[in-house]
Amino acid sequence: MIPIQNVYYMLSYAFQVLQEQGYKDIATEEFENTAELFAAILSKGISSQVKRGLGKSYIPNTERLSLLRGKLEVTESIKTQAILRQQMVCTYDDFSVNTYMNRIIKSSLELLMRSDISKARKKELRKLWVYFQDVDTLDLHTANWNIQYNRNNQTYQLLISICYLLVKGLLQTNSEGQSKLMDFLDEQRMCRLYEKFILEYYRKEFPQLTVSASQIPWALDDGMNAMLPVMQSDIMLSRKDIVLIIDAKYYTHSTQVQYDAHTLHSNNLYQIFTYVKNKDTQLAEKGHTVSGMLLYARTEDEIQPDQTYQMSGNRIDVKTLDLNRNFSTVAKQLDSIIEDFFGIHRELVD
């Protein structure tokens, strides 16, 4: 199981805002479970948002009124016989805090307040809940998480992302009015966090590298690419004439077993090989060295992959990252990859 503190560090790299002053003291706290951690992050984040002012937007409303406001709905007024009561059905926009994002946050707060967290933390959340009295709740089972962010609402991105991770964990284990978070987030969501963490770790700690999650073009002879899938790398690192493509994998089991024989997941190996060879072809005229790596999160299995292969002129490694260690040890594991492939060291800051 990943220590709760390491989940915080992963989140802090994935969402750089967590490294700002207002959140730094969270790193020194001890948490019983992931729900407690998320509650602490939301408490800090919502407090900051309240000080800035809750986001507002124009919310369409339709209701019966005695005085005309906005647009008169003639057909609806006749159909509902509102005119007989000396009323009109009107549609108008109301500049309100009852936005979709605020509804998600309020509903998540209520879910947290029913969960297995400390009384002191619940008290914090209840104080924040007061600021959402004019906000409706929604059914979190059917919430739309595909939210577009812009300059006006970008401060909500971390809050909504934490709500998403929290809700997906709590709702899956909701029973008898009490919600308890799973020991850690489910595999699919942890995989996304794992990828984002590694990408942002290298982006922040190794400014000497060019770090991206770039697409890789297919090496086509005739340029016909109809129906070909997009090759989207998780992490691509480059410096001068060296390129390393990392595919981050978070599985319950990092190998597959058949007849007591452990082998790598074939699809993973095919995928990284395809990425490397197509990128190698793209850069062939520039004299680059392209390598690949499958970086699995270490599991509880006895056998863990740790191999280096030479395939058709390219190096492909299969390694594991042990997240069940002190974070300084996790960082050293990530740093050693850069030292091995690029020969550079992390720039330590006192």
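Below or above, wherever it landed, is the structure these notes cover.

What counts, and at which threshold
Residues numbered from 1 in each chain as written. Predicted model: local features only at pLDDT ≥ 70, side-chain atom pairs only at ≥ 80, totals over all residues. Heavy atoms only, no water. Helix = DSSP H or I, 4+ residues; strand = E, 2+ residues; numbered from the N terminus. Buried < 20%, exposed > 50% of the residue type's maximum accessible area, 1.4 Å probe, protein only. Contact = heavy atoms within 4.5 Å. Areas by Shrake-Rupley, 256 points an atom, 1.4 Å probe, with all protein chains shown as cover. Lys, Arg positive; Asp, Glu negative; His and termini not counted. Charge placed at Lys NZ, Arg CZ, Asp CG, Glu CD. Pairing = 2+ DSSP bridges. Axes fitted to C-alpha atoms, helices over the stretch in contact; angles between N-to-C directions. Salt bridge = Lys/Arg side-chain N within 4 Å of Asp/Glu carboxyl O. Expected span 1.5 Å × (residues − 1). Parallel < 35°, antiparallel > 145°, perpendicular 65-115°, else oblique. Left-handed = near helix turned anticlockwise from the far one by under 90°. Core = buried A, V, L, I, M, F, W, Y, C linked by side-chain atoms within 4.5 Å.

When its secondary structure is counted, the protein shows 9 helices and 15 strands. The C-alpha extent of the protein, read off along each of the three principal axes, is 85 × 55 × 50 Å. Residue burial in the protein is summarised as follows: out of 350 residues, 46% are buried. Pairs at least 24 residues apart make up 66% of the contacts formed inside the protein by residues separated by at least 6 positions. When the accessible surface of the protein is summed, it comes to about 19500 Å², and 47% of that surface belongs to carbon and sulfur atoms. Across the protein, the mean location of the 39 positive side-chain charges is 8 Å away from that of the 43 negative side-chain charges.

With mixed pairing, 6 strands are arranged side by side in an open sheet as β6-β9-β10-β13-β15-β14. At either end of the open sheet lies a strand with only one pairing partner, and these are β6 (210-212) and β14 (307-311). Direction aside, neighbouring strands of the sheet carry axes that sit 20° apart on average. Of the strand pairs in this sheet, strand β10 (residues 242-249) and strand β13 (residues 289-297) are connected by 8 bridges, and their pairing is parallel.

With respect to the element layout, Ser115 can be found in the loop between α4 (100-113) and α5 (119-129). The exposure class of Ser115 is buried, given its relative accessible area of 1%. Here the alpha-carbon distance between Ser115 and Ala35, two residues 80 residues apart in the chain, equals 7.8 Å.

Throughout the structure, instances matching the rule amount to 11 salt bridges. A salt bridge links Lys319 to Asp306, with the nearest nitrogen and oxygen atoms 2.7 Å apart. Of this pair, Lys319 sits in strand β15 (residues 314-321) while Asp306 sits in the loop between β13 and β14, and the two are 13 residues apart along the sequence. The exposure class of Lys319 is partly exposed, given its relative accessible area of 23%.

Here we come to unusual backbone geometry. Even without a glycine there, the phi angle at Met227 is positive, about 70°. Structurally, Met227 is set in the loop between β7 (215-216) and β8 (231-232). In this structure, Ser312 takes a positive phi of about 50° despite not being glycine. Take Ser312: it is sitting in the loop between β14 and β15.

Here helix α9 (residues 327-342) spans 22 Å end to end across 16 residues, near enough to the 22 Å set by a 1.5 Å rise per residue. Note on α9: the residue one or two positions beyond its end, Gly343, has a positive phi of about 70°.

Attention now moves to the pairing of β14. With 5 bridges connecting them, β14 and β15 associate as antiparallel partners. Opposite Tyr309, over in β15, you have Ile316 as the bridge partner. Adjacent in sequence and paired antiparallel, β14 and β15 are bridged by 2 residues, among which Ser312 carries a positive phi angle near 50°.

Moving on to the packing of helix α2 (residues 34-52) against α5. Here α2 crosses α5 at 30°, and the two axes come no closer than 10 Å. Taken as axis vectors, α2 and α5 run roughly parallel relative to one another. The way α2 lies across α5 gives a crossing that is left-handed. Contact residues: Glu36, Ala39, Ala40, Ser43, Ile46 and Ser47 in α2; Arg121, Glu124, Leu125 and Leu128 in α5.

Ranked by size, the top nonpolar core spans 82 residues in total, and within it Leu11, Phe197 and Tyr202 carry the most contacts. For Leu11, the contacting residues outside a window of four places in its chain are Leu18, Leu37, Phe38, Ile41, Ile162, Leu165 and Leu193. Counting residues in hydrophobic clusters, the runner-up holds 17 residues, among them Ile245, Leu264, Val290 and Leu294.

What follows covers the environment of Lys127. Tracing the chain through its elements places Lys127 in helix α5. For Lys127 and Thr329, which are 202 residues apart along the polypeptide, the C-alpha to C-alpha distance reads 38 Å.

The next subject is the sheet that holds strand β1 (residues 57-65). As summarised here, the arrangement of the 3 strands in space is β1-β3-β2, forming an open sheet in which the pairing is antiparallel. A single partner strand is all that each edge strand has here, and the edge strands are β1 and β2 (71-72). With 2 bridges connecting them, β2 and strand β3 (residues 88-96) associate as antiparallel partners. Residue pairing in the sheet places Lys71 in a bridge with Thr91 of β3.

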